[in-house]
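# Chains, contacts and geometry: an overview
Spelled out from the first residue to the last, the chains are:
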Amino acid sequence: MISFEFSEEQKDFQRALARFAEKVLLPGYRDRASRTDYPFDIQRQLADLGVLGIGLPEKFGGTGAEDPIMLGLAAETLAYGDVNIASAPVQVGLVGSQLVYGSTAVQEEYLPRLIAGEITVAIALTEPGSGSDASALLTVAEPAPGGWRLRGEKTAISWACNAAAALVYAREPGSARSSGVSCFVVPLDATGVTVSHMLGMGCLPLGWGSIHLDEVFVPEEGLIGEHGQGFRSVMNHFDFSRAALGLMCLGAARASLDEAADYALQRETFGRPIAEYQGVSFLLAEQATYLEAARWLCYRALWLRHIGQPHTAHASMSKWWPPIVAKDAIEAAMKIHGNLGYATEFPLQQRFRDVMAYLVADGTAEIQKRIIAKDVLGRRRVK
Ligand SMILES: Cc1cc2nc3c(=O)[nH]c(=O)nc-3n(C[C@H](O)[C@H](O)[C@H](O)COP(=O)(O)OP(=O)(O)OC[C@H]3O[C@@H](n4cnc5c(N)ncnc54)[C@H](O)[C@@H]3O)c2cc1C
């Protein structure tokens with residue numbers, strides 16, 4: 001039996017978040033999005049709504065077992081109001097699910113404050129010379145008495161400028177590719193750390209930046225997971241964050257299409273509402289179709305993870321296509337708004353710029369297609 005129905009618990013959660021997104025987030029979205037400081041007052045409200053602890057240990061304030069569908073619902077529903085804020089549960093989920101493999105001291109230091117919305121933690125994988133080819137990273141973790149000394153440069157890191165710490169991926173000297181890469185938690189006020197702000201065309205409140213590490217000492221307790229297994233671990237976690245990010249983009253697109261539909265009903269040209277012209281209504285119909293298809297692709301990826309089935313290819317499908325669908329839908333909504341679609345007093349152009357980030361962040365379309373192609377071809381080869 002096939003079912004596309006969410007559970008009563010999921011529907012209640014979605015309704016509560018939808019109210020919050022429309023009443024609290026949407027009215028201030030455009031103003032917040034034009035500033036570079038992250039609104040921690042809203043982060044604490046997210047914590048009160050229970051969205052920051054999804055799938056994280058109950059003893060630290062989380063909901064317990066991993067719950068990818070709830071995470072997807074949170075990202076999609078919050079993005080209707082503010083796509084930047086909506087990335088917070090995904091980030092906390094991604095960071096938290098790695099921190100649980102840290103020492104007790106690290107877990108106690110970071111997880112309760114992350115889940116309570118008091119701090120954020122960045123994920124620092126990309127380097128100036130390695131983005132798509134992430135396992136070519138050069139940052140080194142040199143063994144030192146009582147821990148390691150890290151040196152290297154991380155770039156294009158979301159949350160770098162407002163995070164308390166970063167998960168830094170660094171390699172054992174002399175190792176190559178993914179083997180020998182470990183994950184370390186590095187407080188961003190540690191001696192030897194320099195954070196520099198990078199200005200992007202959107203996502204400003206997320207504090208995008210670079211992190212320079214100059215012989216930064218990380219004690220033994222700062223190692224997350226098994227030594228030398230950091231790369232494999234983060235790739236596994238990307239398998240749920242990718243679908244959640246896809247849904248997040250679609251939530252922002254849905255808000256844009258709703259605004260376009262309202263506008264089309266009231267804007268008149270040649271004596272009739274523009275909604276009566278098929279040039280407008282078919283555009284809405286086409287974008288609504290793409291959104292619906294992309295949405296269920298993402299939920300299928302999350303569901304496969306939930307039931308423990310292979311889902312890496314579906315996660316990649318959910319990461320390359322839905323952000324493009326979302327971008328195109330927002331562009332269509334801008335077009336339907338005529339000159340107002342271009343005006344900064346409306347949120348459409350802001351959503352467009354914010355959603356564009358996810359065509360690159362967390363892996364470009366080409367890299368996702370490499371993963372999907374490996375799966376498609378691999379299945380034919382084993383026949
Ligand atoms: C807004 C934003 C937020 C980000 N946040 C983070 C973060 O929090 N943490 C983090 O670690 N990183 C982050 N990144 C970095 C992001 O993950 C990388 O930018 C991304 O993986 C691409 O790497 P690159 O920029 O080095 O591009 P490159 O790897 O240099 O790629 C350049 C172009 O070549 C294409 N290309 C590369 N290899 C192939 C191939 N084999 N086949 C076909 N095409 C290929 C790519 O698709 C791309 O179009 C963020 C980026 C952005 C834009």
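Note that the structure is a prediction, hence the values are computed from the model and not measured. (Residues numbered from 1 in each chain as written. Predicted model: local features only at pLDDT ≥ 70, side-chain atom pairs only at ≥ 80, totals over all residues. Heavy atoms only, no water.)

### Things to note about the packing of aromatic side chains
- Across all of its chains, the model carries 7 aromatic pairs by this definition.
- Ring geometry for Tyr38 against Phe40: centres 5.3 Å apart, planes inclined by 80°, an arrangement best described as edge-to-face. The pair formed by Tyr38 and Phe40 is uniform in burial state, with each residue classed as buried.
- Plain terms: the ring middles of Trp296 and Tyr299 are 5.8 Å apart, the flat faces sit at 50° to each other, and that makes the pair tilted. A residue pair is termed a helical-turn pair when its members lie 3 or 4 positions apart in one helix, as Trp296 and Tyr299 do in helix α7 (residues 278-306) at 3 residues.
- In this structure Trp296 comes out as partly exposed when scored by relative accessible area, which is 22%.
- Through successive ring pairs, a cluster of aromatic residues spans Phe4, Phe6, Trp296 and Tyr299.
- The ring centre of Trp296 lies 5.1 Å from the NZ or CZ of Arg295, which sits over that ring. (Phe/Tyr/Trp six-rings, centres within 6.5 Å; stacked < 30°, edge-to-face > 60°. Buried < 20%, exposed > 50% of the residue type's maximum accessible area, 1.4 Å probe, protein only. Helix = DSSP H or I, 4+ residues; strand = E, 2+ residues; numbered from the N terminus. Lys NZ or Arg CZ within 6 Å of the ring centre and 35° of its normal.)

### Focus on the pattern of salt bridges
- The full count for this structure, using the stated rule, is 16 salt bridges.
- Two residues, Glu142 and Arg151, come together in a salt bridge whose shortest N-O distance is 3.2 Å.
- Bridged by salt links that share partners, the residues Glu5, Glu8 and Lys11 form one connected network. (Salt bridge = Lys/Arg side-chain N within 4 Å of Asp/Glu carboxyl O.)

### A word on the site of the ligand
- Neighbouring the ligand are 17 residues; Ile123, Thr126, Ser132, Thr364 and Glu366 lie closest to it.
- Here a nitrogen atom of the ligand and a backbone polar atom of Ile123 are 2.7 Å apart.
- With respect to the ligand, the side chain of Ser132 contributes an N or O atom lying 2.6 Å from an oxygen atom.
- Calculation on the ligand without its partners gives an accessible area of 980 Å², and the protein chains cover 62% of this total.
- Only β3 (147-157) and α10 (365-381) provide two or more residues apiece to the shell around the ligand. (Near = heavy atom within 4 Å. Polar contact = N/O pair within 3.5 Å; in protein donor to acceptor, adjacent residues only side chain to side chain. Areas by Shrake-Rupley, 256 points an atom, 1.4 Å probe, with all protein chains shown as cover.)

### Remarks on the UniProt feature "domain: Acyl-CoA dehydrogenase/oxidase C-terminal" (unreviewed entry) in the chain
- Look at the UniProt record and you will see "domain: Acyl-CoA dehydrogenase/oxidase C-terminal" (unreviewed entry) annotated at residues 228-376.
- What you have in residues 228-376 is 75% helix and 3% strand, and the ends, taken at the C-alpha atoms, are 29 Å apart. (UniProt positions renumbered as here; feature names shortened; annotations may be inferred.)

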